[in-house]
Protein chains: 2
Amino acid sequence: MTFTLHHTSGKARTGTLQTPHGEIRTPAFMPVGTCATVKALTNDMVKETGADIILGNTYHLMLRPGAERVAKLGGLHAFMQWDKPILTDSGGFQVMSLSGLRKMSEKGVEFQSHIDGSKHMLSPERSMEIQHLLGSDITMIFDECTPFPATHDEARQSMELSLRWAERSQAAFTALKGNRIVIPAKAGIQSNNPATTEGLDPRLRGDNKEENVNAPYLLFGIMQGGMYEDLRKISADALTGIGFDGYAIGGLAVGEGQKEMFRMLDIAPDMLPADKPRYLMGVGKPDDIVGAVLRGVDMFDCVLPTRSGRNGQAFTWNGPVNIRNAKYAEDTTPLDAESHCPASGLYSKAYLHHLVKSQEILGSILLTWHNISFYQRLMQSLRDAITEDRLAEHATQFLARYHANKR
Amino acid sequence: MTFTLHHTSGKARTGTLQTPHGEIRTPAFMPVGTCATVKALTNDMVKETGADIILGNTYHLMLRPGAERVAKLGGLHAFMQWDKPILTDSGGFQVMSLSGLRKMSEKGVEFQSHIDGSKHMLSPERSMEIQHLLGSDITMIFDECTPFPATHDEARQSMELSLRWAERSQAAFTALKGNRIVIPAKAGIQSNNPATTEGLDPRLRGDNKEENVNAPYLLFGIMQGGMYEDLRKISADALTGIGFDGYAIGGLAVGEGQKEMFRMLDIAPDMLPADKPRYLMGVGKPDDIVGAVLRGVDMFDCVLPTRSGRNGQAFTWNGPVNIRNAKYAEDTTPLDAESHCPASGLYSKAYLHHLVKSQEILGSILLTWHNISFYQRLMQSLRDAITEDRLAEHATQFLARYHANKR
């Protein structure tokens, strides 16, 4: 089994997902590594937070440095020296939100790069090819993220297109399966330093620490259907019929608000197979995640902890902290004295305040590190609470403390 | 003895300088930590490079967060969690190069902050007070860095002013000596995490790992005199007469070029006491440092490795590398396969090229880390060569390889 459920508590579950580059403990939060780096952090910092997996963005990587180039350099793992699992999105969401002139058709999307205006095409087939070239452990099908708000008819048409693309995605993924990236000899890093082989893609190492051959590369479907229960059900049933290794819930966190999102999450996860991981894309704030885990979601990704870290916002058990606030200028307490992450426990708020006010890169480094660490500790606390059958109590206590300072 | 000479080879020397926060192996390169951070690096990264000491800038720190505030927070070591030695400059150089409207007098310099236009005063007395409040291990006297070019008369007048300020600096430093910063109770970081006491100012720790009480806080004089040998001699003799713990050679690396700088370094170090460390301020490029060590200089600081790191330039044994160059886009070799610094040995040039082209913070982190690591390895190679009486040969080989790719 690729996905093993360990324990359920209400709708919430703990589990383990096997991938070629290691296992992922669920519920899991995946830091976003858009351009082959989790912004402002080294790989060691990301690992120290306890993250089992990071996310890469197909849209950004296909434009720079290019999927073929990454493949030539040994795949994304070797390129960025990250030896744990990587999930890549399909590029569908970013192409709609970031690119220039777009032309959409049944075939796919033609668009212009936001970097240099060059013309590109994304389709189910090309998206699968790119994610294959990157060497992604978890590939996402190419879909259309239904905009919000959308009428029932708009949401239906969009969802049906995504279903046709889901089938094409699966066919393309399957066709590539027997054709895993052939790593060119001496790809990746060339070094006399023995330490440098540690971070290598297992396929590049000369030792016996091989890729987990028993864990296949995975393909996840993406449920759409906007805010309409009937459309969500049609999408879920059709995707389940095709059959995927996991299922994402797409088209949420697009501006509908937490209340509406939770209304959908009260019903959507139950429509998906219980024995496969469920992934809520692009979510979210700590309280969003807690609410979604309570409703049966297993995986999350979001730019919030990294982006906020670069903007002077820290997430803590007592709610978000805007470290620019003058009240922190002489505050000698750390962000989280209980944490073993140096960024959380070693430095005073006064120092972080100074770094952010002075626009020092170290301010972005430390706050991002702290935030990713906080998110991972939050996920660990949720996994523990599920295991010990006290999730409802834990969630209530977390939310009370998290919102206590809200004005 | 505060400074112990171990070995000399020609004019070059190896030694050890004792300070309250530990010892410095000379010849030493001091990474610049202008605003209480070596830009783009964590303290652990700086330490991993082998740096024994960093430099802080009085001008920047007095304006933000303010010297009195730093003292209130436990001093600069506790504030930035750096437990090794810190040298602070006097602010004299930056106030002339960075601040707004200035009014100079015998008393000192009135100026406006480049940050918010607020009015401030720097004088020998105030500079000593600020460096005292910061808790600097090595305080620099307040001087005027003679501009280049300067007539003999201009250089003489400037040098004589600096001598009067040197006397006032020493008097002020001595008056403060019996009045070391009183650390307020619970200053610095408050944390339950035992790991967090490791980086603390020894004066803040509850354990027995106390400040080295046998090593006093040090005051360095600064020789001036422009490009005029007779003025350099007058300055050196007068400073030696006052008596300092070390002597800087100021007023070089101000645009005179390497040839002219080396001409001064052929004579200036010999004018200073042989049993005290000699510090060449603001220098320099790797080949500048090699040439200065050959001429008897013991200490260096420069923004070059950090600033270049943020601009995509890497220093290597084969000369500087502009990692933005398209030829590195698919170069799978690391910057330095022999180095154990992850930034030097773990990542391919292709990856670093991608990060810099993508303006990713990790690009600044890794190139800065590599550059500081390279500078420290260069210093270690010089110390080894002096110890083993093969400095001239080592320098020749270094320079031949370093300049081999020059067009």
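The rules behind the values
- Residues numbered from 1 in each chain as written.
- Chains lettered and ligands numbered in written order.
- Predicted model: local features only at pLDDT ≥ 70, side-chain atom pairs only at ≥ 80, totals over all residues.
- Heavy atoms only, no water.
- Helix = DSSP H or I, 4+ residues; strand = E, 2+ residues; numbered from the N terminus.
- Rg over C-alpha atoms; globule rule 2.2 N^0.38 Å.
- Buried < 20%, exposed > 50% of the residue type's maximum accessible area, 1.4 Å probe, protein only.
- Areas by Shrake-Rupley, 256 points an atom, 1.4 Å probe, with all protein chains shown as cover.
- Lys, Arg positive; Asp, Glu negative; His and termini not counted.
- Charge placed at Lys NZ, Arg CZ, Asp CG, Glu CD.
- Pairing = 2+ DSSP bridges.
- Contact = heavy atoms within 4.5 Å.
- Buried area = accessible area lost by both parts, 1.4 Å probe.
- Salt bridge = Lys/Arg side-chain N within 4 Å of Asp/Glu carboxyl O.
- Polar contact = N/O pair within 3.5 Å; in protein donor to acceptor, adjacent residues only side chain to side chain.
- Nonpolar A, V, L, I, M, F, W, Y, C, P; charged D, E, K, R; others polar.
- Patch = residues over 30% accessible without salt bridge, like charges linked within 9 Å, V, L, I, M, F, W, Y side chains within 5 Å.
- Least-squares fit on C-alpha atoms with pLDDT ≥ 70 in both.
- Right-handed = clockwise from strand over helix to strand, strands pointing away.
- Arc of directions from axis to C-beta.
- Axes fitted to C-alpha atoms, helices over the stretch in contact; angles between N-to-C directions.
- Parallel < 35°, antiparallel > 145°, perpendicular 65-115°, else oblique.
- Left-handed = near helix turned anticlockwise from the far one by under 90°.
- pLDDT = per-residue confidence, 0-100.

Caption draft 1: Inspection of the overall build of chain A at higher detail. Within chain A, the regular secondary structure consists of 15 helices and 16 strands. Taken over C-alpha atoms, the radius of gyration comes to 21 Å for chain A, in line with the 22 Å a tight globule of 407 residues would show. Projected onto its principal axes, the C-alpha coordinates of chain A cover approximately 60 × 60 × 45 Å. Counting all 407 residues of chain A, 62% fall into the buried class. With the model as given, the accessible surface of chain A reaches about 15,200 Å², and the carbon-plus-sulfur share is 51%. The centroid of the 43 positive side-chain charges in chain A is displaced by 4 Å from the centroid of its 46 negative side-chain charges.

Caption draft 2: Representation of the pairing of strand β8 (residues 109–112) of chain A within the structure. All names here are of chain A. Of the two faces of β8, the one lined by Val109 and Phe111 is fully buried and the one lined by Glu110 and Gln112 carries no buried residue. Of the strand pairs in this sheet, strand β7 (residues 102–104) and β8 are connected by three bridges, and their pairing is antiparallel. Within the sheet, the bridge partner assigned to Arg102 lies in β8 and is Phe111.

Caption draft 3: Looking closely at the interface of chain A and chain B. Between chain A and chain B, the contact holds 51 residues from the first and 51 residues from the second. Of the roughly 4,500 Å² buried between chain A and chain B, counting both surfaces, carbon and sulfur atoms make up 58%. Across the chain A-chain B interface, the total number found is six salt bridges. Counting every contact that joins chain A to chain B gives 14 residue pairs in polar contact (both at pLDDT 80 or more). If you list the elements that add at least two residues to the side of chain A that touches chain B, you get α1 (43–48), α3 (67–72), α4 (76–80), α13 (349–357) and α14 (361–387) of chain A. By residue number, the principal contributor to the side of chain A that touches chain B is α13 of chain A, which donates five residues. Here the residues of the side of chain A that touches chain B sort into 22 nonpolar, 19 polar and 10 charged.

Caption draft 4: Looking closely at a negative patch on the surface. A cluster of acidic residues, Asp44 and Glu48 of chain A together with Asp44 and Glu48 of chain B, forms a negative patch at the surface. Those elements that provide at least two residues to the negative patch are α1 of chain A together with α1 (43–48) of chain B.

Caption draft 5: Seen up close, the relation of the copies chain A and chain B. If you rotate chain A by 180 degrees and push it 0.0 Å along the axis, it lands on chain B with an RMSD of 0.0 Å. One copy is carried onto the other by what is essentially a two-fold rotation axis. Scanning chain A for the C-alpha nearest the rotation axis identifies Ile361 of chain A, at a separation of 3.8 Å. In this assembly the copies share their binding face: 100% of the residues contributing to the interface of chain A also contribute to that of chain B.

Caption draft 6: Up close: the pairing of strand β14 (residues 299–302) of chain B. Residues and elements named next belong to chain B. Alternating positions in β14 separate into two faces, Met299 and Asp301 on one and Phe300 and Cys302 on the other, with burial throughout. Here four bridges tie strand β4 (residues 28–31) to β14, and the two strands are oriented parallel to one another. Its bridge partner lying in β14, Pro31 is registered against Cys302. Bridge analysis of strand β13 (residues 278–280) against β14 gives two bridges, and the strand direction is parallel. In the strand pairing of β14, Tyr279 is matched with Met299. Taken together, β13, helix α10 (residues 286–294) and β14 constitute a β-α-β crossover, and its handedness is right-handed.

Caption draft 7: Quick peek at helix α9 (residues 258–265) of chain B. Residues and elements named next belong to chain B. Along α9, the residues classified as buried are Met261, Phe262, Met264 and Leu265. Along α9, the residues classed as buried sweep out an arc of 160 degrees about the axis, all on the same side. Considering only its buried residues, α9 is in contact with α8 (229–242), β12 (246–249), β13 and α10.

Caption draft 8: Focus on the sheet that holds strand β3 (residues 22–26) of chain A. Residue and element names in this part refer to chain A. An order of β1-β2-β3 is seen for the three strands of this open sheet, with the pairing classed as antiparallel. Both outer strands of the open sheet, β1 (3–9) and β3, are each paired with one neighbouring strand and no more. Here the average twist between neighbouring strands, direction ignored, is 10 degrees. By the bridge criterion, five bridges tie strand β2 (residues 12–19) to β3 in an arrangement that is antiparallel. Looking across to β3, one finds that Thr16 is bridged to Arg25. Running at roughly 115 degrees to β2, α14 makes contact with β1, β2 and β3 of the sheet.

Caption draft 9: Focus on the side chain of Arg278 of chain B. Residues and elements named next belong to chain B. If you trace the backbone, Arg278 turns up in strand β13. We note that Arg278 is buried and unpaired, the nearest opposite charge coming from Asp298 at a distance of 4.9 Å. At a separation of 3.4 Å, a polar atom in the side chain of Arg278 contacts the main-chain carbonyl oxygen of Pro269. With near-sequence residues (within four places) excluded, Arg278 lies in contact with Arg13, Tyr247, Pro269, Leu272, Pro273, Gly296, Val297, Asp298 and Met299.

Caption draft 10: Layout of the packing of helix α10 (residues 286–294) of chain A against helix α15 (residues 391–403) of chain A. All names here are of chain A. Closest axis-to-axis distance for the α10/α15 pair is 11 Å, and the angle between their directions is 165 degrees. In terms of axis orientation, α10 runs roughly antiparallel to α15. With respect to the hand of their crossing, α10 and α15 are arranged in left-handed fashion. Packed against α10, whose contacting residues are Pro286, Asp287, Val290, Val293 and Leu294, the element α15 presents Leu391, Ala392, Ala395, Phe398, Leu399, Tyr402 and His403 at the interface.

Caption draft 11: Representation of the pattern of salt bridges. Residues and elements named next belong to chain A. All told, the structure shown has 42 salt bridges over all chains when counted by the stated rule. Lys47 serves as the salt-bridge partner of Asp83, at 2.9 Å between the closest nitrogen and oxygen. Of the two residues, Asp83 sits in the loop between α4 and β6 (86–88) while Lys47 sits in helix α1, which places them 36 residues apart along the sequence. The exposure class assigned to Asp83 is buried, which follows from its relative accessible area of 17%.

Caption draft 12: Representation of the confidence of the model for chain A. Residues and elements named next belong to chain A. Predicted confidence across chain A gives a mean pLDDT of 92, with 91% of residues reaching 70 or more. In this model, residues 182–210 is a region of pLDDT below 50 whose contacts with residues beyond four sequence positions or in other chains number 66 contacts. Note on the complex model: pTM 0.94, ipTM 0.93.

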